[in-house]
Amino acid sequence: MTAGAGPAPAAHPPAGGRRIYYGWIIIGLSFFTLAFHVTTLFSFGIFQVPLIEEFGWSRGALGGAYSLSLAFYALGSPFAGSLLEKKGPRAVMPWGSIILAGAMLGGFFVSSLWHVYLLLGLLGGLGMAFSGFAMHSAIVPRWFLAKRGRATGISLSGIGVGALFLAPSIERLIAHWGWRTAYLAFGLFILLIVAPLNFLLMRDGPEEMGLSKDGAPSPPGELPAPPDASGKKESGVGPVLRAVRGDPRFLGLVALVFFIGLNNNVILSQLLLYLVDTRYSMASAALIFGALGFIRTLGSISGGWVGDIIGRGRGSALSAGLVAAGLAILLLLPSLGGGPLAGYSFALVYGLGLGGMSACYSALSGDCFEGPSFGVIMGFMEISYALGGVIGPLFAGFMFDTTGSYFIPFSLIIASMIACIFISLWLQGITEKRKSGKG
């Protein structure tokens, strides 16, 4: 970061100027980057079909590579967060694009199962750790305070847009030119477009531009230093963990994100199967699934905006309530007789809640732990998310094999969303007390 004692350069506009605040460029870059980076993870399921057809590998064997990718992403996120806090986003995050591009380009040469584990499992997971959900969530509080929720929502909505548009594009590439060409094309785009944009446009924070959060100009003669709401000065993984492990805010967020990981991974992994079991055609089930992805994007933006108005904890609680209501509709689909109205009603209610929870939770984390240790803390959150993602689908599959129904796992997720309502409101109360000086 730039350090200097002279007055801010004249090139920076006054507070009343119309020049766009650079933080919104960072949000646009984050939106674009997440769309491509997260699609590299989602696309694994698309590439499985031709890989199985050509090599005869089992679903379980390929599923192990996906689990490895998730494990390296989760375990690598705290260390990537530590590097981000020590070196700055500009020196760390663009390399996530380079690593992911290498993983996808390497997919062109896959001929053995261990190639999949090395390239798409290990390298793919590390690339996501350097520039995935956790790191992009960690940089938003550097740029925004009053509009933190809506900025986070716009940034994270890139995930839904990527799933909605890029995943079908990859499927079409595979259908017309084969899976090797699809790997090559996607990897080249990340290498030649996404990575250079990150190297060119990424900045460490508004102080580098002579500004404060939300675009306010810094006082003449000084550059603003980012506040440390967490009160912790450490940025190493071990010191940060020792500093926050007894903090009730940290424990509350760990529980919150575990339940989010449980919900997201169980429902999204089992939804198509459940809809087909409920007598929807595969085509109808796919349309409902696609609508859910689009509505989730709207939920991220609208949920973040609502969170800015009523408080991010209250916004998270409201979103968790919508998720629980959507799951109740999902459980009632068989008794409602299926049909498009019931299916799209589920997608609408659940999708709005799903997107809102991601945006509000991420912004709420920034409210709780903004400061030099925040990137590492977000990395620890991803470990909790991954734990829910590993346990949830296994438990749901086991319960279905045992009972022939998803009633028990879906009901438990509804109960976890109710718990999220109370956790979110509790965290809202803690942040308000600390802001008022009473905590």
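Bear in mind that the values here come from a model prediction, so they are computed numbers and not experimental data.

J.: Talk me through the overall build of the chain; I want residue IDs and the actual numbers.
T.: When helices and strands are counted, the chain shows 15 helices and zero strands. For the chain, the C-alpha radius of gyration of 22 Å lies close to 22 Å, the compact-globule estimate for 439 residues. Per-residue burial for the chain yields a buried fraction of 52% across its 439 residues. Counting contacts in the chain only where the partners sit at least 6 residues apart, residues at least 24 apart contribute 84% of the total. Element-wise, carbon and sulfur atoms account for 71% of the exposed surface of the chain, whose accessible area totals about 18,200 Å². One way to put it: in the chain the 27 positive side-chain charges average out to a point 4 Å from where the 19 negative ones average out.

J.: Before we move on, could you go through the packing of helix α1 (residues 22-42) against helix α4 (residues 89-106) and cite the residues and values that matter?
T.: Between α1 and α4, the shortest axis-to-axis distance is 11 Å and the interhelical angle comes to 40°. Considering the angle they form, α1 stands oblique to α4. Crossing geometry of α1 relative to α4 is assigned as left-handed. Taken together, the residues of α4 that come into contact with α1 (itself represented by Thr33, His37 and Thr40) are Gly96, Ser97, Leu100 and Met104. Of the residues that constitute the contact of α1 with α4, the class distribution is two nonpolar, five polar and no charged.

J.: Describe in detail the packing of α4 against helix α5 (residues 113-130), supporting the description with residues and values.
T.: The relative placement of two packed helices comes down to the angle between their axes together with the axis-to-axis distance. Across the interface, α4 lies against α5 with an axial gap of 7 Å and an inter-helix angle of 160°. Regarding the angle of α4 to α5, the classification is roughly antiparallel. Judged by the sense of rotation from one axis to the other, the crossing of α4 with α5 is left-handed. Where α4 abuts α5, its residues Val92, Met93, Gly96, Ile99, Leu100, Ala103, Met104 and Gly106 lie against Leu119, Leu120, Leu123, Gly124, Leu126, Gly127, Met128 and Phe130. For the contact of α4 with α5, the class distribution of residues is 12 nonpolar, four polar and no charged.

J.: I'd like to hear about the side chain of arginine 203, residue by residue, with values.
T.: Note on placement: arginine 203 falls in the loop between α8 (179-201) and α9 (237-244). Given the relative accessible area of 17%, arginine 203 is considered buried. One polar contact links the side chain of arginine 203 to the main-chain carbonyl oxygen of leucine 200, over a distance of 3.0 Å. If sequence neighbours within four positions are ignored, arginine 203 has contacts with Tyr22, Ile26, Pro89, Arg90, Trp143, Glu208 and Met209.

J.: Give a detailed account of the packing of aromatic side chains, specifying residues and quantitative values.
T.: This structure, assessed with the given rule, holds 20 aromatic pairs. Consider the rings of phenylalanine 36 and phenylalanine 189, whose centres lie 4.7 Å apart with planes at 15°: the pair is stacked. Of this pair, phenylalanine 36 sits in helix α1 while phenylalanine 189 is found in helix α8, placing the two residues 153 residues apart along the sequence. Relative to tyrosine 350, the ring of phenylalanine 346 has its centre 5.2 Å away and its plane inclined at 20°; by these criteria the two rings are stacked. Residue phenylalanine 346 and its partner tyrosine 350 are both found in helix α13 (residues 340-369); the two are separated by four residues, about one turn of the helix. For the pair phenylalanine 346 and tyrosine 350, a shared accessibility class is recorded, and that class is buried. Through a chain of ring-to-ring contacts, the aromatic side chains of Tyr21, Tyr22, Trp24, Trp143 and Phe144 assemble into a single cluster. If you follow arginine 249 out to its NZ or CZ, it ends over the ring of phenylalanine 369, 4.4 Å from the centre.

J.: Would you mind going over the confidence of the model for the chain in detail, with residue names and values included?
T.: Per-residue pLDDT for the chain averages 85, and the proportion of residues at 70 or more is 90%. Residue range residues 1-17 is modelled with pLDDT below 50. Its contacts to residues more than four positions away, or to other chains, number 17 contacts. Across residues 221-233 the pLDDT falls below 50, and counting only partners more than four positions away or on other chains, this stretch makes 37 contacts in the model.

J.: Outline the side chain of histidine 37, supporting the account with residue identities and numerical values.
T.: Following the sequence through the fold, histidine 37 ends up in helix α1. At 2.9 Å, the side chain of histidine 37 forms a polar contact with the side chain of serine 97. Residues in contact with histidine 37, not counting those within four places in the same chain, are Gly96, Ser97, Leu100, Met128, Ser131, Ile190 and Val194.

J.: Give a detailed account of helix α14 (residues 374-403), specifying residues and quantitative values.
T.: The end-to-end C-alpha separation of α14 is 43 Å, in line with the 44 Å expected for 30 residues at 1.5 Å each. Immediately downstream of α14, the backbone of glycine 404 shows phi near 75°, a positive value.

Calculation criteria
Residues numbered from 1 in each chain as written. Predicted model: local features only at pLDDT ≥ 70, side-chain atom pairs only at ≥ 80, totals over all residues. Heavy atoms only, no water. Helix = DSSP H or I, 4+ residues; strand = E, 2+ residues; numbered from the N terminus. Rg over C-alpha atoms; globule rule 2.2 N^0.38 Å. Buried < 20%, exposed > 50% of the residue type's maximum accessible area, 1.4 Å probe, protein only. Contact = heavy atoms within 4.5 Å. Areas by Shrake-Rupley, 256 points an atom, 1.4 Å probe, with all protein chains shown as cover. Lys, Arg positive; Asp, Glu negative; His and termini not counted. Charge placed at Lys NZ, Arg CZ, Asp CG, Glu CD. Axes fitted to C-alpha atoms, helices over the stretch in contact; angles between N-to-C directions. Parallel < 35°, antiparallel > 145°, perpendicular 65-115°, else oblique. Left-handed = near helix turned anticlockwise from the far one by under 90°. Nonpolar A, V, L, I, M, F, W, Y, C, P; charged D, E, K, R; others polar. Polar contact = N/O pair within 3.5 Å; in protein donor to acceptor, adjacent residues only side chain to side chain. Phe/Tyr/Trp six-rings, centres within 6.5 Å; stacked < 30°, edge-to-face > 60°. Lys NZ or Arg CZ within 6 Å of the ring centre and 35° of its normal. pLDDT = per-residue confidence, 0-100. Expected span 1.5 Å × (residues − 1).

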